Amino acid sequence: DPQQIELATASKRKLRRFIVIDEVVDKLYGSKVRAYFEENNVQHKILALPTTEETKSMDLVLNILHEVQNFSLDRRTEPIIAIGGGVCLDIVGLAASLYRRRTPYIRVPTTLLSYVDASVGAKTGVNFLQCKNKLGGYTPPVASFLDRSFIQSIPRRHISNGLGEILKMALMKHKGLFDLLKNHGKYLLDTKFQSCNGFAHHGDAALQTTRIAIETMLEELAPNLWEDDLDRLVDFGHLISPELEMRVLPSLMHGEAVNVDMAFMTYVAHARGLLSAQEKEQILQCMKGLELPVWHSGCSWALIQRALRERLKHSGGQPRMPLPTGLGVADIFNDTSEETLKRAYEMWVKD
């Protein structure tokens, strides 16, 4: 908003910023963040917090809001800045939406998963009563600042975790993205998504992969930002995984749980005749190449039934099941029988 920019820059008042940063990120980058604000003569408060699925609660939101109130933040000109993974961005987004009914905030993702997933869209939330993101809202940030250099410091497993959400978009919408992951998956893991000179035969696979993943996500989310339409391809991998992820915490990360869900749904698609045996195998091999789990012992038949019952409660009485109908193409189905699901589960367990 040009008027807001003019107001901020013309003011004699010193620039002030309130920053919430994940405590692990703070250990790695906190000194650089502080130096940046000091060099730019910005009065700032940095709140370092443990932002994990186990701590993703209203208690942490209220902790942030107490500190925001003490800082006397001006919600017109002083956006809250969130620096961290998806959990951090979700928690801060919810806190910002509650403070004086809505305070602007900025997302700075520091993991691959948050870079391609949590940084896009409007959702905020926290876990409640052992249910994932049961409390939350739709409050988009004023900006998301994307910097892949953060990703070089995260462990290999976290890279793989983010690749789960990228693969979701590939399977639903983009055969070219699937081919990128199939052909360059190990390279992306090895280089941690940094653009490296001297690897011309890979092109800039990191830039292409992240750009396509975010663009396809935006294509799906932007026309339906408030989820008025419940038929959402981006829900692929998110029918069983919320129940599984919360049940087995902390053994599975979010993208890993999503991938276990996608692996099962790949079998469902095959059992329905939507995928050939060769296509099913290509998908599973790609998942393994990305070092993602294709099975977890916690994903029992009883858990799947329970998760799908929960799905019906929140999707207008229809399962609205996104399934691949080929590589990079998909549709939503409401007529998958229990017999088909059970047959797919038995094939999955056997394999």
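Residues numbered from 1 in each chain as written. Predicted model: local features only at pLDDT ≥ 70, side-chain atom pairs only at ≥ 80, totals over all residues. Heavy atoms only, no water.

J.: What is the right way to look at the nonpolar core in this model?
T.: A general feature of soluble globular proteins is that nonpolar side chains tend to end up buried together. Counting residues in hydrophobic clusters, the biggest one holds 71 residues, and the most contacted among them are Leu167, Ile240 and Phe264. Here this core takes eleven residues from helix α10 (residues 254-271), the largest share from any one element. Here this core spans two domains, since at least three of its residues come from each of domain 1 (2-151) and domain 2 (156-195 + 202-224 + 232-350). Not counting residues within four places of it along the chain, the set of residues in contact with phenylalanine 264 comprises Ile240, Ile304, Leu341, Ala344, Tyr345 and Trp348. Core analysis: the next-biggest nonpolar cluster, separate from the first, contains 25 residues, Leu60, Phe71, Leu73 and Ile80 among them. (Core = buried A, V, L, I, M, F, W, Y, C linked by side-chain atoms within 4.5 Å. Buried < 20%, exposed > 50% of the residue type's maximum accessible area, 1.4 Å probe, protein only. Helix = DSSP H or I, 4+ residues; strand = E, 2+ residues; numbered from the N terminus. Domains from an automatic or database assignment. Contact = heavy atoms within 4.5 Å.)

J.: When you look at the environment of isoleucine 5 in this model, what are you seeing that I'm missing?
T.: Relative to the helices and strands, isoleucine 5 is located in helix α1 (residues 2-10). Classification of isoleucine 5 by relative accessible area gives exposed; the value is 54%. Between the C-alpha atom of isoleucine 5 and that of tryptophan 295, which follows or precedes it by 290 residues, the distance is 51 Å.

J.: It is not clear to me how the UniProt feature "domain: 3-dehydroquinate synthase N-terminal" (unreviewed entry) in the chain should be interpreted in this structure. Could you clarify?
T.: Look at the UniProt record and you will see "domain: 3-dehydroquinate synthase N-terminal" (unreviewed entry) annotated at residues 48-160. A distance of 26 Å separates the end C-alpha atoms of residues 48-160, which is 35% helix and 25% strand. (UniProt positions renumbered as here; feature names shortened; annotations may be inferred.)

J.: Mind showing me how you'd approach the sheet that holds strand β2 (residues 43-49) here?
T.: Two modes of strand pairing occur in sheets, parallel and antiparallel, and in both the strands are linked by backbone hydrogen bonds. Taken in spatial order, the five strands make up an open sheet running β2-β1-β3-β4-β7, and their pairing is parallel. Among the strands making up the open sheet, the edge pair consists of β2 and β7 (143-144). Alignment of strand β4 (residues 105-109) against β7, held across two bridges, turns out to be parallel. Bridging from a neighbouring strand, isoleucine 106 pairs with alanine 143 of β7. Those strands touched by helix α2 (residues 23-39) are β1 (16-22), β2 and β3 (80-84), and its axis lies near 160 degrees from that of β1. Most of the contacts of helix α3 (residues 58-71) go to β2, to which it runs at about 165 degrees, and overall it touches β1, β2 and β3. (Pairing = 2+ DSSP bridges. Axes fitted to C-alpha atoms, helices over the stretch in contact; angles between N-to-C directions.)

J.: In this structure, what is going on with the domain arrangement of the chain? I would like to understand it.
T.: How big an interface is tends to be reported as the loss of accessible area on association of its parts. Domain boundaries assigned for the chain yield domain 1 (2-151) and domain 2 (156-195 + 202-224 + 232-350). Distance between the C-alpha centres of domain 1 and domain 2: 29 Å. Counting from both sides, the interface comprises 19 residues of domain 1 and, opposite them, 29 residues of domain 2. Roughly 1,900 Å² is buried in total at the junction of domain 1 and domain 2, and carbon and sulfur atoms are behind 68% of that figure. Taken as a group, Leu112, Leu113 and Arg148 account for 33% of the area that domain 1 buries against domain 2, more than any other trio of residues on that side. The interface formed by domain 1 and domain 2 contains two salt bridges. With a closest N to O distance of 3.6 Å, lysine 134 and glutamate 310 form a salt bridge. Where domain 1 packs against domain 2, one counts five residue pairs in polar contact (both at pLDDT 80 or more). Contributions of two or more residues to the side of domain 1 that touches domain 2 are made by α5 (112-118), β5 (123-128) and β6 (131-138). Looking at the side of domain 1 that touches domain 2 element by element, the count peaks at five residues for α5. The residue makeup of the side of domain 1 that touches domain 2, split by class, is eight nonpolar, four polar and seven charged. (Buried area = accessible area lost by both parts, 1.4 Å probe. Salt bridge = Lys/Arg side-chain N within 4 Å of Asp/Glu carboxyl O. Polar contact = N/O pair within 3.5 Å; in protein donor to acceptor, adjacent residues only side chain to side chain. Nonpolar A, V, L, I, M, F, W, Y, C, P; charged D, E, K, R; others polar.)

J.: For this particular structure, what's the right way to read the pattern of salt bridges?
T.: Note that side chains of opposite charge can pair when their charged atoms are close. The final tally for this structure, using the stated rule, is 28 salt bridges. The shortest N-O distance in the salt bridge between glutamate 346 and lysine 342 comes to 3.9 Å. Within this pair, glutamate 346 and its partner lysine 342 are both found in helix α13 (residues 338-350), separated by four residues, close to a single helical turn. The partly exposed category is assigned to glutamate 346, whose relative accessible area is 46%. If you follow the salt bridges from partner to partner, you end up with Lys123, Glu227, Arg232, Asp235 and Arg311 in one network.

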